[in-house]
Amino acid sequence: MLHGACPRNSFQSNPPLPLCRAPKHGDARPWQLSDRCRSCQSRTVVRARDRDAVQLRAVAPLVVTVTKELVAPVMLVTNGSKTMAVTSAELLRSWEAQQLSIVTKLDGSELVPIVNWGMGRYSGVGLVEVASPFPAGADVTPVQIATICATVDTRGAPAALVSITQNGSKFERTLIPVHVDNVDSGGGMSDDVITRLASPIDASHEGALVDGAILFAWFPPDPVLGRKSEVLAVAMAYPYRMRTFQPRANPAIAELCGLDDLGRALISAAPAPKPPELLEVTGEIVHAKGDALPPVLDGLDEYRQKRERKP
């Protein structure tokens, strides 16, 4: 059973949206993201997805330091003073960490080397350790760990895969609007999810490269929980090659993997509390005089002697 499909008439009450205009040659785009729109349907659906969301700036190119060849898209996440990146381990396994850097300017002019990379708890997840903090004014800005969704569940919110493409020496973030569906093993009555699939809304994205892309969701406000609208990173994508399930008209292009490995890798140890400071005190013990109360044991010796004198 497939979950997440929209009701057949769920959009009937929405007012018609204007048709999208095909961009003319030489038109300047005010955004950095590209969705390679080739149909009016894709343009109308993407209206719910903000291409200028600051959270998307965490997606950066990982390149070969010498040639600046694109290796993988990575998403940078920080917690306290620690910053790490996540991407597909399959794209990393052919490279040594010393050969790779993260591009901080999309024109390829600035790089930050990585220290090391390793496998996450899930076999498809690669975790990248960054060597130094990112400079101010860069095109890449790591997100806080609070921007990572705790579950791989978009709750029906608009979602899109964000990746990186290379054009010569320059790089560009691409946005692929998708439907997200859960496939379970119990005819819709089971919590045993076999896989989570992302299907492109526009058929022109069927051949898109999605390995290491990050799934973002644009969640609406939730007055019950007191939450404002927010953009969260939900999952990492890797190609769906089995083609066993097809929950939508367009074939699924990606399987989704949770990002909880980042929570384990970015645990920040709390500073140990300082022990109480002990001060050395010197002085003499003296008997109190005046109106002060007598010591508790005064008269004890006299009482003991009286008892001993009794026959």
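Remember, it's a predicted structure, so these values are computed and weren't measured experimentally.

What follows covers the pairing of strand β12 (residues 193-200). Bridging between strand β11 (residues 170-184) and β12 involves seven bridges; their strand directions are antiparallel. Counted as the bridge partner of D181 is L197 from β12. One ladder, built from two bridges, connects β12 with strand β15 (residues 254-258); its direction is antiparallel. Paired with A198 across the two strands is A254, which belongs to β15.

This part is about the nonpolar core. By size, the foremost hydrophobic cluster in this structure holds 31 residues, and its most contacted members are M75, V86, F216, W218, L259 and L262. Beyond its immediate stretch of four places on either side in the chain, V86 contacts P73, V74, M75, V125, G126, L127, I214, M236, L259 and L262. Counting 22 residues, the second largest nonpolar core, distinct from the first, contains C149, V152, A159 and V234.

With that settled, consider the environment of G118. Among the secondary structure elements, G118 is positioned in strand β7 (residues 111-119). Note: C-alpha distance between G118 and A89 (29 residues apart in sequence) is 7.9 Å. Sequence-distant contacts of G118, that is, excluding residues within four places in its chain, are made with V125, G126 and L127.

A few words on the pattern of salt bridges. Per the counting criterion, the structure on display carries two salt bridges. Between R93 and E90 there is a salt bridge; the shortest N-O distance is 2.9 Å. For R248, the salt bridge goes to D181, with nearest N and O atoms at 3.0 Å. Here R248, found in the loop between β14 (230-239) and β15, pairs with D181, found in strand β11; they are 67 residues apart in sequence, far enough to count as distant. The class for D181 is buried, based on a relative accessible area of 1%.

Attention shifts here to the confidence of the model for the protein chain. Overall, the prediction assigns the protein chain a mean pLDDT of 79, with 73% of residues at 70 or greater. When the elements of the protein chain are averaged for pLDDT, helix α1 (residues 40-46) gives the smallest value, 38, and strand β3 (residues 59-64) the largest, 97. Below a pLDDT of 50 lies the segment residues 1-32, which in the model reaches 40 contacts outside its immediate sequence neighbourhood of four places, other chains included. Here residues 35-47 is modelled with pLDDT under 50, and outside its nearest four sequence neighbours on either side it reaches 31 contacts, counting other chains as well.

Conventions used here
- Numbers given for residues are sequential positions, taken from 1 along each chain in its written order.
- Thresholds applied to this predicted model are a pLDDT of at least 70 for local features of residues and 80 or more for the giving and counting of side-chain atom pairs; totals over whole chains, interfaces and linings are not thresholded and use all residues.
- Remark: hydrogens and water are excluded; side-chain values derive from all non-hydrogen atoms of the structure.
- Strands are treated as partners if at least two bridges between them are detected by DSSP.
- A helix here means a DSSP run of H or I that spans at least four residues, while a strand means a run of E at least two residues long, and both kinds are numbered starting from the N terminus.
- Grouping buried Ala, Val, Leu, Ile, Met, Phe, Trp, Tyr and Cys residues that are joined through side-chain atoms within 4.5 Å yields what is termed a nonpolar core.
- Classification of residues uses two cut-offs on accessible area relative to the type maximum, computed with a 1.4 Å probe and protein chains only: under 20% is buried, over 50% is exposed, and between them is partly exposed.
- Should any heavy atoms of two residues lie within 4.5 Å, those residues are counted as being in contact.
- The salt bridge criterion pairs a side-chain nitrogen of Lys or Arg with a carboxyl oxygen of Asp or Glu, the two atoms within 4 Å.
- How sure the predictor is of each residue is captured by pLDDT, a score from 0 to 100.

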